[in-house]
Amino acid sequence: MKRPNDGRQLGLEFDREAYYPVPKAPPSVAGSLEYAPELCGILSLALKDCPDSRAVVAAKMSDLTGQQITEAMLNAWTSPAHDRHRFPFEFAGAFEEATGTTCLQELLARKRGCKVLAGRQVLEAELGNIERSIVELTNKRKRIRKQFSGGKS
């Protein structure tokens with residue numbers, strides 16, 4: 001007689017998403033992707049955490065973009081009171097490089113239900129995908145061999 005499964009215990013096959021939730025984008029409703037105040041806060045925090053002054057960050061961004069970016073521009077972009085001065089997306093890469101962060105990529109990824117991986121994390125994720133594929137292909141091979149042998153193991 002087969003015993004019923006105990007829902008408190010994991011079986012050999014279990015729903016990974018139940019235990020490791022997959023990030024999902026929040027519902028797209030009117031205004032859900034308006035995040036100017038959050039962007040100002042993230043820019044401010046990145047500048048605060050950066051060991052360089054705002055003037056040095058602006059100079060680095062200017063070098064990287066070939067356009068003049070000033071400390072006053074950084075101040076306007078990070079002030080919620082200056083709502084008419086929006087941070088230009090074209091400067092995102094230069095800002096992250098100058099501050100040594102991936103904060104803007106992470107903000108956009110979080111808003112879209114994604115995650116940013118960098119450096120070694122990319123390789124670790126790829127290895128995980130390879131390992132999962134090996135397990136799936138091994139199980140598939142076992143099922144096919146079992147069919148060839150008429151169900152005998």
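Structure first, text after, so check above.
This write-up is about the structure you can find in this document.

Reading the values: the criteria
Residues numbered from 1 in each chain as written. Predicted model: local features only at pLDDT ≥ 70, side-chain atom pairs only at ≥ 80, totals over all residues. Heavy atoms only, no water. Core = buried A, V, L, I, M, F, W, Y, C linked by side-chain atoms within 4.5 Å. Buried < 20%, exposed > 50% of the residue type's maximum accessible area, 1.4 Å probe, protein only. Helix = DSSP H or I, 4+ residues; strand = E, 2+ residues; numbered from the N terminus. Contact = heavy atoms within 4.5 Å. Axes fitted to C-alpha atoms, helices over the stretch in contact; angles between N-to-C directions. Parallel < 35°, antiparallel > 145°, perpendicular 65-115°, else oblique. Nonpolar A, V, L, I, M, F, W, Y, C, P; charged D, E, K, R; others polar. Phe/Tyr/Trp six-rings, centres within 6.5 Å; stacked < 30°, edge-to-face > 60°.

Overview of the nonpolar core
Ranked by internal contacts, the top residues of the largest apolar core, which has 22 residues, are M61, L74, W77, F87, F95 and L104. Elements supplying a minimum of two residues to this core: helix 2 (36-49), helix 3 (54-65), helix 4 (71-77), helix 5 (92-99) and helix 6 (103-111). Residue contributions to this core peak at 5 residues, all from helix 2. Every residue in contact with L104, bar those within four places of it in the chain, is listed here: L39, I42, L43, F87, A92, F95 and E96.

Regarding helix 6
Every buried residue of helix 6 is accounted for by C103, L104, L107, A109 and K111. Those residues of helix 6 that are buried are in contact with helix 2 and helix 5. Phi for G113, located one or two positions after helix 6, is positive at around 75°.

Re the packing of helix 5 against helix 6
Contact geometry of helix 5 with helix 6 gives a least axis separation of 8 Å together with a crossing angle of 125°. With respect to their mutual orientation, helix 5 and helix 6 come out oblique. Contact with helix 5, carried on its side by A92, F95 and E96, involves C103, L104 and Q105 of helix 6 and no other residues of that element. In terms of residue class, the contact of helix 5 with helix 6 is built from 4 nonpolar, 1 polar and 1 charged.

As for the packing of aromatic side chains
Geometrically, a pair of aromatic rings is defined through the distance of the ring centres and the angle of the planes. Applying the stated criterion across every chain yields a total of 3 aromatic pairs. Seen in terms of ring centroids, W77 and F91 are 5.8 Å apart; in terms of plane orientation they differ by 45°. Their pairing is tilted. Of this pair, W77 sits in helix 4 while F91 sits in the loop between helix 4 and helix 5, placing them 14 residues apart in sequence. F91 carries the same exposure label as W77, and that label is buried. Members of the aromatic cluster, each reached through a chain of ring pairs, are W77, F87, F91 and F95.

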